[in-house]
Amino acid sequence: GAGVSQSPSNKVTEKGKDVELRCDPISGHTALYWYRQSLGQGLEFLIYFQGNSAPDKSGLPSDRFSAERTGGSVSTLTIQRTQQEDSAVYLCASRSTGSLYGYTFGSGTRLTVV
Amino acid sequence: QQPVQSPQAVILREGEDAVINCSSSKALYSVHWYRQKHGEAPVFLMILLKGGEQKGHEKISASFNEKKQQSSLYLTASQLSYSGTYFCGTATQGAQKLVFGQGTRLTINP
């Protein structure tokens, strides 16, 4: 596609429920990243995919968080047993191969846990 | 470790200049700059690589001081459209992910 697409754009869930966030990167971008941005804060790294592999998942806050990528394309970030501190905007970005390229971010999913 | 940006916020009048700094305690390979407007996704501005030249064109440019592990973003003759939060993202050699600073909020008033 022309850009990085994320869905849903907004998600309100009850504490304890599971949620799935979807990212559809730019076609041909092999690198895919998930970041989290809390209100008024910077971007916190969660996980990096190269193709379908995740060589760096060091930013996942707990074992309630998991992510996968299939077909070298769509990625899903799953949060189990959501907590209020999980409330944030979850941003996905993709990047073409090579060190000269910047990230293209999606518009994000705003997650609110009530 | 997260790079440190300064200042945290700056307010200018249209036409004034601004400098935003990004410092790291680690030896950097690359520095990215992004601008994020309220409620929108961050947008890539430019990338600077170790050993590379100063980047940019027209009124937005950036430099990378390898000795100080510091990058600076220069906005000259600022326009209203420059308002937003600017983030630097840094990567060390071999790293595949960016670590972002906390952001600098730039407000341009008429």
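It should be noted that the structure appears before, not after, this text.
Residues numbered from 1 in each chain as written. Chains lettered and ligands numbered in written order. Predicted model: local features only at pLDDT ≥ 70, side-chain atom pairs only at ≥ 80, totals over all residues. Heavy atoms only, no water.

Examining the pattern of salt bridges
At step 1: Applying the stated rule across the entire model yields four salt bridges over all chains.
At step 2: For E44 of chain A, the salt bridge is made with R36 of chain A, and the minimal N-O distance between the two is 3.1 Å.
At step 3: Its salt-bridge partner being K97 of chain B, residue D56 of chain A comes within 3.2 Å of it at the nearest N-O pair. Within this pair, whereas D56 of chain A is found in strand β6 (residues 53–56), its partner K97 of chain B is found in the loop between β9 (84–91) and β10 (99–100), the two belonging to separate chains.
At step 4: A relative accessible area of 18% means that D56 of chain A is categorised as buried. (Salt bridge = Lys/Arg side-chain N within 4 Å of Asp/Glu carboxyl O. Helix = DSSP H or I, 4+ residues; strand = E, 2+ residues; numbered from the N terminus. Buried < 20%, exposed > 50% of the residue type's maximum accessible area, 1.4 Å probe, protein only.)

Overview of the interface of chain A and chain B
At step 1: The partner chain B presents 16 residues to the 20 residues of chain A that form the contact.
At step 2: For the pair chain A and chain B, the two sides together bury roughly 1500 Å², of which 60% comes from carbon and sulfur.
At step 3: Where chain A meets chain B, there are one salt bridge.
At step 4: Inspection of the chain A/chain B interface yields seven residue pairs in polar contact (both at pLDDT 80 or more).
At step 5: Of all the secondary-structure elements, those providing two or more residues to the side of chain A that touches chain B are β4 (31–37), β5 (43–50) and β9 (88–95) of chain A.
At step 6: When its residues are assigned to classes, the side of chain A that touches chain B shows ten nonpolar, eight polar and two charged. (Contact = heavy atoms within 4.5 Å. Buried area = accessible area lost by both parts, 1.4 Å probe. Polar contact = N/O pair within 3.5 Å; in protein donor to acceptor, adjacent residues only side chain to side chain. Nonpolar A, V, L, I, M, F, W, Y, C, P; charged D, E, K, R; others polar.)

Digging into the sheet that holds strand β1 (residues 5–7) of chain A
Residues and elements named next belong to chain A.
At step 1: Here we have four strands laid out as an open sheet, ordered β1-β3-β8-β7, and antiparallel in their pairing. Bordering the open sheet on either side are β1 and β7 (65–69), each of which pairs with just one other strand. For this sheet the average axis-to-axis angle between neighbouring strands, irrespective of direction, equals 15 degrees.
At step 2: Direction of pairing for β7 relative to strand β8 (residues 75–79): antiparallel, over a ladder of five bridges. (Pairing = 2+ DSSP bridges. Axes fitted to C-alpha atoms, helices over the stretch in contact; angles between N-to-C directions.)

Some details on the state of the cysteines
At step 1: All chains considered together, the criterion is met by two disulfides over all chains.
At step 2: For C23 of chain A, the disulfide goes to C92 of chain A, at an S-S distance of 1.9 Å. With the S-S bond torsion at -65 degrees, the cross-link from C23 of chain A to C92 of chain A turns out left-handed. Of this pair, C23 of chain A sits in strand β3 (residues 19–24) while C92 of chain A sits in strand β9, and the two are 69 residues apart along the sequence. Grouping residues by exposure puts C23 of chain A and C92 of chain A together as buried.
At step 3: Linked covalently through their sulfurs, C22 of chain B and C88 of chain B form a disulfide whose S-S length is 2.0 Å. Judged by the torsion about the S-S bond (75 degrees), the C22 of chain B/C88 of chain B disulfide is right-handed. Residue C22 of chain B is located in strand β3 (residues 18–23), and its partner C88 of chain B is located in strand β9; the two are separated by 66 residues in the primary sequence. The same class applies to C22 of chain B as to C88 of chain B, namely buried. (Disulfide = S-S within 2.5 Å.)

Details of unusual backbone geometry
At step 1: In this chain, S7 of chain A is followed by P8 of chain A through a cis amide linkage whose omega measures -10 degrees.
At step 2: As for its position among the elements, P8 of chain A is in the loop between β1 and β2 (10–13).
At step 3: For the bond from S6 of chain B to P7 of chain B, the omega torsion is -5 degrees, close enough to zero to count as cis.
At step 4: With respect to the helices and strands, P7 of chain B occurs in the loop between β1 (4–6) and β2 (9–13).
At step 5: Despite not being glycine, R81 of chain A has its phi angle at roughly 45 degrees, a positive value.
At step 6: Checked against the element boundaries, R81 of chain A lands in the loop between β8 and β9.
At step 7: Phi is positive for A77 of chain B, close to 45 degrees, though the residue is something other than glycine.
At step 8: Structurally, A77 of chain B can be placed in the loop between β8 (70–75) and β9.

Brief notes about the environment of A41 of chain B
At step 1: Following the sequence through the fold, A41 of chain B ends up in the loop between β4 (30–36) and β5 (43–49).
At step 2: On the basis of relative accessible area, A41 of chain B is assigned to the buried category, the value being 14%.
At step 3: In sequence terms A41 of chain B and Q79 of chain B are 38 residues apart; their C-alpha atoms lie 20 Å from each other.
At step 4: Beyond its immediate stretch of four places on either side in the chain, A41 of chain B contacts F105, G106 and S107 of chain A together with R35 and Q36 of chain B.

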